Amino acid sequence: MIRLDKYLAEAGVGTRSQVKKAVRDGRVKINGETVKHADLKVDEETDTVTFDDEEVYFSEFVYFMLNKPQGYISASRGWDPNVIDLIAEPYRNLFPVGRLDKDTEGLLLISNDGQLAHELLSPKKLIEKEYYTEVDIPLTEEDISRIESGIEWHGESYRPAKYKKISDHAMTLTVTEGRYHEIKRMIEACGSKVTYLKRVRMKNLVLDENLKPGEYRFLTPEEIDDLKAV
Ligand code: URA
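Conventions adopted
Residues numbered from 1 in each chain as written. Predicted model: local features only at pLDDT ≥ 70, side-chain atom pairs only at ≥ 80, totals over all residues. Heavy atoms only, no water. Phe/Tyr/Trp six-rings, centres within 6.5 Å; stacked < 30°, edge-to-face > 60°. Helix = DSSP H or I, 4+ residues; strand = E, 2+ residues; numbered from the N terminus. Lys NZ or Arg CZ within 6 Å of the ring centre and 35° of its normal. Core = buried A, V, L, I, M, F, W, Y, C linked by side-chain atoms within 4.5 Å. Buried < 20%, exposed > 50% of the residue type's maximum accessible area, 1.4 Å probe, protein only. Domains from an automatic or database assignment. Contact = heavy atoms within 4.5 Å. Near = heavy atom within 4 Å. Areas by Shrake-Rupley, 256 points an atom, 1.4 Å probe, with all protein chains shown as cover. Nonpolar A, V, L, I, M, F, W, Y, C, P; charged D, E, K, R; others polar. Pairing = 2+ DSSP bridges. Polar contact = N/O pair within 3.5 Å; in protein donor to acceptor, adjacent residues only side chain to side chain. Arc of directions from axis to C-beta. Salt bridge = Lys/Arg side-chain N within 4 Å of Asp/Glu carboxyl O.

1. Describing the packing of aromatic side chains
And then number 1: On inspection of all chains with the given rule, the structure shows three aromatic pairs.
And then number 2: Ring centres of tyrosine 132 and tyrosine 196 lie 5.9 Å apart, and the angle between their planes is 65 degrees; this geometry places the pair in the edge-to-face category. One end of the pair, tyrosine 132, is in strand S10 (residues 129–135); the other, tyrosine 196, is in strand S15 (residues 194–202), with 64 residues separating them in the sequence.
And then number 3: Taken together through their ring pairs, the aromatic side chains of Phe64, Tyr216 and Phe218 make up a single cluster.
And then number 4: Over the face of the ring belonging to tyrosine 158 we find arginine 179, whose NZ or CZ atom lies 4.6 Å from the ring centre.

If you want it as structure tokens, here you go:
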């Protein structure tokens, strides 16, 4: 058993004084009942705690899945407009795990777990990132085999990507490097241009289709375990 304010603070909801205020303001429920006292005891194994009706998982770290909208920069606070500003206060020390271009939509993990971020972003780990991609000029068979065998472009080499056709102008591309403008440059090397780009998966974490651009949710404990699994 643990005090409610400690539970919320350690889960990353805010500082002790911020969470006490949140409890007083009626934003916190235990097992569906609004509670008004931050010194209540919570059983971290069996009780369900919500903050603004979002379940709060007891953990040193927080993990959100954001459907990044276009027009936002994948950076921490200080840049305008940035993805962290989309996450409601009072979560602290959050950063985006990796980057999507300003005009790219889709799955962006937001966390304060530096160790996991390092594991997921290390180029050596070859973590898969899958993108739904629309292009202006359809790719030829030759373009597709270049993409699948690895492209050289402007002195840079891009590792082989997985290609799955959706239509003449749409496909999914799965890459393992996470290089700057990786998809756009591979498509440019084929003489075409990306007209819409959305990340739909990172490792085994799939973008929740219920999230509209700009919306986010906590990862479930299973999703966190899967991301951490080697
Ligand atoms: N590749 C790109 O070109 N842009 C992104 O945002 C992600 C991958």
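Now that the structure is up, let's keep going.
2. Quick look at the nonpolar core
And then number 1: Ile110, Leu139, Ile147, Ile183 and Ile187 are the most contacted members of the largest nonpolar core, which totals 31 residues.
And then number 2: Taken together, the elements giving at least two residues each to this core come down to strand S7 (63–68), strand S9 (105–111), S10, helix H4 (141–149), strand S14 (170–175), helix H5 (182–189) and S15.
And then number 3: A total of four residues in this core trace back to one element, the largest contributor, which is H5.
And then number 4: When residues of this core are sorted by domain, at least three fall in each of domain 2 (63–122 + 205–228) and domain 3 (128–202).
And then number 5: Beyond its immediate sequence surroundings of up to four residues, leucine 139 is in contact with Ile144, Ile147, Tyr163, Asp168, Met171, Ile187, Cys190 and Ser192.
And then number 6: Among the nonpolar cores identified, the runner-up in size contains 17 residues, and Ala11, Val19, Ala22 and Phe51 belong to it.

3. A word on unusual backbone geometry
And then number 1: In this structure, aspartate 52 is a non-glycine residue whose phi angle is positive, near 50 degrees.
And then number 2: Taking relative accessible area as the criterion, aspartate 52 reaches 40% and is therefore assigned partly exposed.
And then number 3: Its identity as a non-glycine residue notwithstanding, aspartate 53 has a phi of 65 degrees, on the positive side.
And then number 4: You can see aspartate 53 is positioned in the loop between strand S5 (49–51) and strand S6 (54–55).
And then number 5: Looking at aspartate 53, the relative accessible area reads 58%, which means it is exposed.

4. A closer look at the site of the ligand
And then number 1: The ligand sits among Leu100, Asp101, Thr104, Tyr131, His181, Glu182, Ile183, Lys184 and Leu197.
And then number 2: In isolation the ligand exposes 240 Å². Once the protein is present, 96% of that is buried.
And then number 3: Sort the elements by how many residues they give to the shell around the ligand and H5 lands first, with three residues.
And then number 4: Across the shell around the ligand, the residue classes break down as four nonpolar, two polar and three charged.

5. What about the sheet that holds S5?
And then number 1: On the basis of which strands lie adjacent, the open sheet formed by four strands has the order S3-S2-S5-S6 and antiparallel pairing. For this open sheet the edge positions go to strand S3 (33–34) and S6, each flanked by a neighbour on one side alone.
And then number 2: The pairing of strand S2 (residues 28–30) with S5 spans three bridges and is classified as antiparallel. Following the sheet pairing, lysine 29 is matched in S5 by threonine 50.

6. Some details on the side chain of asparagine 112
And then number 1: Along the chain, asparagine 112 turns up in the loop between S9 and helix H3 (114–121).
And then number 2: Under the relative-accessibility criterion, asparagine 112 is labelled buried at 18%.
And then number 3: Within the structure, the side chain of asparagine 112 is placed 2.9 Å from the backbone nitrogen of valine 62, a separation counted as a polar contact.

7. Thoughts on H3
And then number 1: Turning to H3, its buried residues number three or more, namely Leu116, Ala117 and Leu120. Projection of H3 onto a plane perpendicular to its axis shows the buried side chains occupying an angular sector of 100 degrees, all on one side. Opposite the buried face of H3, by more than 90 degrees, sit the exposed residues Gln115 and His118.
And then number 2: Sitting at the amino-terminal end of H3 is aspartate 113, which places a side-chain oxygen 3.2 Å from the backbone nitrogen of glutamine 115.

8. Digging into the environment of aspartate 80
And then number 1: By secondary structure assignment, the location of aspartate 80 is in the loop between S7 and strand S8 (95–96).
And then number 2: The exposed category is assigned to aspartate 80, whose relative accessible area is 66%.
And then number 3: Sequence separation between aspartate 80 and alanine 161 is 81 residues; the distance between their C-alpha atoms is 32 Å.

9. Section: the pattern of salt bridges
And then number 1: On inspection of all chains with the given rule, the structure shows 17 salt bridges.
And then number 2: The closest approach of N and O atoms between lysine 184 and aspartate 101, which form a salt bridge, is 2.8 Å. On the criterion of sequence distance, the pair formed by lysine 184 in helix H5 and aspartate 101 in the loop between S8 and S9 is long-range, its members being 83 residues apart. Of the two residues, lysine 184 and aspartate 101, both sit in the buried class.

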